[in-house]
Amino acid sequence: MQTNTIKEGKAKKFHWDGVSDSCELEFKNTLTALNGQKTEELEGKGVLAANISAKLFEFLNEQNLKTHFIKKSSDNTLVVQPLTMIPLEIVVRNYAAGSLCTRLGFKEGEKLKKPLIQFHLKDDALNDPLLAESEILYLEIVSLEQLNQIKNYALCVNWLLTTLFEQVKIGLADFKLEFGFDKAGNLLLGDELSPDNMRLWDNFDSNQKLDKDRFRQNLGHILENYQIVLERIYLALAKKDIQTPAVPLKIRLYIKPQAGLLDPTGRTLTDSSNRLGFTEVEAIKAGKMLELELNDYRLNLIEDLCERILVSPAIEEYSYEIVV
Ligand code: UDP
């Protein structure tokens, strides 16, 4: 049965008939900060945020990172796949800004020694509290495997967007992602990718803000700066392929026999432990861990490599984590 759903958030409106494989995400002109306490309507903001999001999602799709984006359908509307959203906000940081400075005393503009991932519960009533990974698992928001998948995904998005923006002298200080599951249960990146939810600094300088901090801090010239971001993205996308990363991507790949299949090594280790008096040992399962270093951050490459060379999918299963 068709049920028209319109969900209205602070910055976007979502339209779905409840049955189709696509829905519409309309970008509003509203700017909000301080969990909605400060708001302003700014004609033209929605169009800019929609255009920037469309370009960045298209770029990620082309890099084989799955996102909900299908196409743009009007100036301020994207056609996207309907997702069952995970109530988490995933923040990735490369430079100190915002709440990292207010909570932990970092100096704004300081480059972090490695990317930092944080999670917030998406809950306005609770003021989107910061969540520990143990709390995410305790609340059963996602499984451990899904949490690892989200972290790997977020680090790849970070690398791809950082590299893209670096080409046009913009520093990606931090950003917020939201994920969801499609009908088949695949994890996809949803929501938006615009200066409303990322901090972008011209020339890597925290005094040259191109993002919503201009609104948060009453710096003015919001549209002009969003427009600069859009133009630079066009420039970056017109340049050649994405660069090779300066630091190789380190992956830890865990391979183990599929559940229920014979595991002779594990069996032998269990028997020997018992024979030598370690009667507490009920079972040992044997797998292996491989460490890889890659000069490309695309997740599908890792999955291709595993499925075609490193793992025997008929008898083994694998998981991996990006080491940061
Ligand atoms: N962010 C967001 N939505 C939120 C909170 C944060 O999109 O509800 C983005 C924000 O624009 C910044 C990053 O997440 O790019 C980190 O934000 P931070 O935790 O520093 O909080 P803020 O300073 O925005 O309150």
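Here the structure is a predicted model, which is why all the values come from computation and not from measurement.

**Description of the packing of aromatic side chains**
The final tally for this structure, using the stated rule, is three aromatic pairs. Arranged with centres 6.3 Å apart and planes meeting at 10°, the rings of Phe-57 and Phe-69 form a pair that is stacked. Residue Phe-57 is found in helix α1 (residues 45-62), and its partner Phe-69 is found in strand β6 (residues 69-74); the two are separated by twelve residues along the sequence. Phe-57 sits in the buried class, given a relative accessible area of 0%.

**What to know about the pairing of strand β16 (residues 249-257)**
The sheet contact formed by β16 and strand β17 (residues 288-294) spans seven bridges and is antiparallel. Its bridge partner lying in β17, Arg-252 is registered against Glu-291. Across eight bridges, β16 lies against strand β18 (residues 316-323) in antiparallel orientation. Within β18, the residue paired with Tyr-254 across the bridge is Ser-319.

**A word on the site of the ligand**
If you check the shell around the ligand, you find 15 residues, and the closest are Arg-93, Ser-99, Asp-174, Arg-199 and Arg-216. Within the contact set of the ligand, an oxygen atom lies 3.4 Å away from a side-chain nitrogen or oxygen of Glu-89. Residue Asp-174 places a side-chain N or O atom 2.6 Å away from an oxygen atom belonging to the ligand. Calculation on the ligand without its partners gives an accessible area of 500 Å², and the protein chains cover 76% of this total. Going through the elements one at a time, β9 (88-95), β12 (170-177) and β15 (198-202) are the ones with two or more residues in the shell around the ligand. In terms of residue class, the shell around the ligand is built from four nonpolar, three polar and eight charged.

**Here's the deal with the pairing of strand β1 (residues 5-8)**
Summarising the sheet, β1 and strand β2 (residues 12-16) pair through four bridges and their orientation is antiparallel. Within β2, the position partnered with Glu-8 by the bridge is Lys-13. Here β1 folds back onto β2, and the loop between the two strands holds three residues.

**Focus: the sheet that holds strand β7 (residues 77-80)**
Adjacent strands of a sheet pair through backbone hydrogen bonds, lying either parallel or antiparallel. With respect to topology, five strands assemble into an open sheet ordered β1-β2-β3-β7-β6, the strand pairing being antiparallel. Taken across any chain shown, the strands that pair with only one partner, and hence form the sheet edges, are β1 and β6. Each neighbouring strand pair of the sheet contributes to a mean axis angle of 20°, computed without reference to strand direction. Relative to β7, β6 is paired through four bridges, and the arrangement is antiparallel. Across the sheet, residue Lys-71 finds its bridge partner in β7, namely Val-79. Contacting β3 (23-27), β6 and β7, α1 runs over the sheet at an angle of about 150° to β6.

**As for the nonpolar core**
Within the largest apolar cluster, 75 residues are counted, with the highest numbers of intra-cluster contacts made by Leu-161 and Phe-165. For this core, the element with the highest residue contribution is helix α4 (residues 144-166), accounting for twelve residues. Apart from residues lying up to four places away in sequence, Leu-161 is in contact with Leu-56, Phe-59, Leu-60, Leu-172, Leu-193 and Met-198.

**Focus on the environment of Glu-291**
In this structure, Glu-291 sits in strand β17. Judged by relative accessible area, which is 57%, Glu-291 ranks as exposed. A C-alpha to C-alpha distance of 40 Å links Glu-291 and Asn-207, two positions 84 residues apart in sequence. Among residues more than four places away in sequence, those in contact with Glu-291 are Ile-251 and Arg-252. One polar contact links Glu-291 to Arg-252, side chain to side chain, over a distance of 3.2 Å.

**A short note on unusual backbone geometry**
Here the phi dihedral of Asn-35 falls at roughly 50°; this positive angle occurs in a residue that is not glycine. Within the secondary structure layout, Asn-35 lies in the loop between β4 (30-33) and β5 (38-41). Of note, Phe-204 is a non-glycine position whose phi angle comes to about 60°, a positive value. If you trace the backbone, Phe-204 turns up in the loop between β15 and α5 (213-216). Here Phe-204 falls in the partly exposed class, since its relative accessible area comes to 30%.

About the criteria used
- The residue numbering used here restarts from 1 in each chain and proceeds along that chain's sequence as written.
- Given that this is a predicted model, residues contribute local features only at a pLDDT of at least 70 and side-chain atom pairs are listed and counted only at 80 or more, while totals for whole chains, interfaces and linings are drawn from all residues.
- Side-chain numbers here rest on the full set of heavy atoms in the structure, without hydrogens or water.
- Whether two aromatic rings pair depends on their centres lying within 6.5 Å, for rings of Phe, Tyr and Trp, where Trp uses its six-membered ring; planes under 30 degrees apart make the pair stacked, over 60 edge-to-face, and the rest tilted.
- Under the scheme used here, helices are H or I runs from DSSP no shorter than 4 residues and strands are E runs no shorter than 2 residues, and both carry numbers assigned from the N terminus.
- Per-residue accessibility, obtained with a 1.4 Å probe over protein chains only, is compared with the maximum for each type, and a residue is labelled buried under 20%, exposed over 50%, and partly exposed between these values.
- By this definition, two strands are paired if DSSP reports at least two bridges between them.
- Think of it this way: one heavy atom of a residue within 4 Å of a molecule or strand is enough to make that residue near it.
- Nitrogen and oxygen atoms within 3.5 Å of one another constitute a polar contact, given that in protein one can donate a hydrogen and the other can accept it, and given that sequence-neighbouring residues count only through two side-chain atoms.
- Residue exposure ignores everything except the shown protein chains as possible cover, and the areas themselves are Shrake-Rupley values with a 1.4 Å probe.
- Think of it as three bins: nonpolar holds Ala, Val, Leu, Ile, Met, Phe, Trp, Tyr, Cys and Pro, charged holds Asp, Glu, Lys and Arg, and polar takes everything else, Gly as well.
- For helices, the fitted axis covers only the stretch in contact; all axes are lines through C-alpha atoms, and the angles between them, taken along N-to-C directions, range from 0 to 180 degrees.
- Contacts: residue pairs with any heavy atoms within 4.5 Å of one another.
- Put simply, buried Ala, Val, Leu, Ile, Met, Phe, Trp, Tyr and Cys residues joined by side-chain atoms within 4.5 Å make one nonpolar core.

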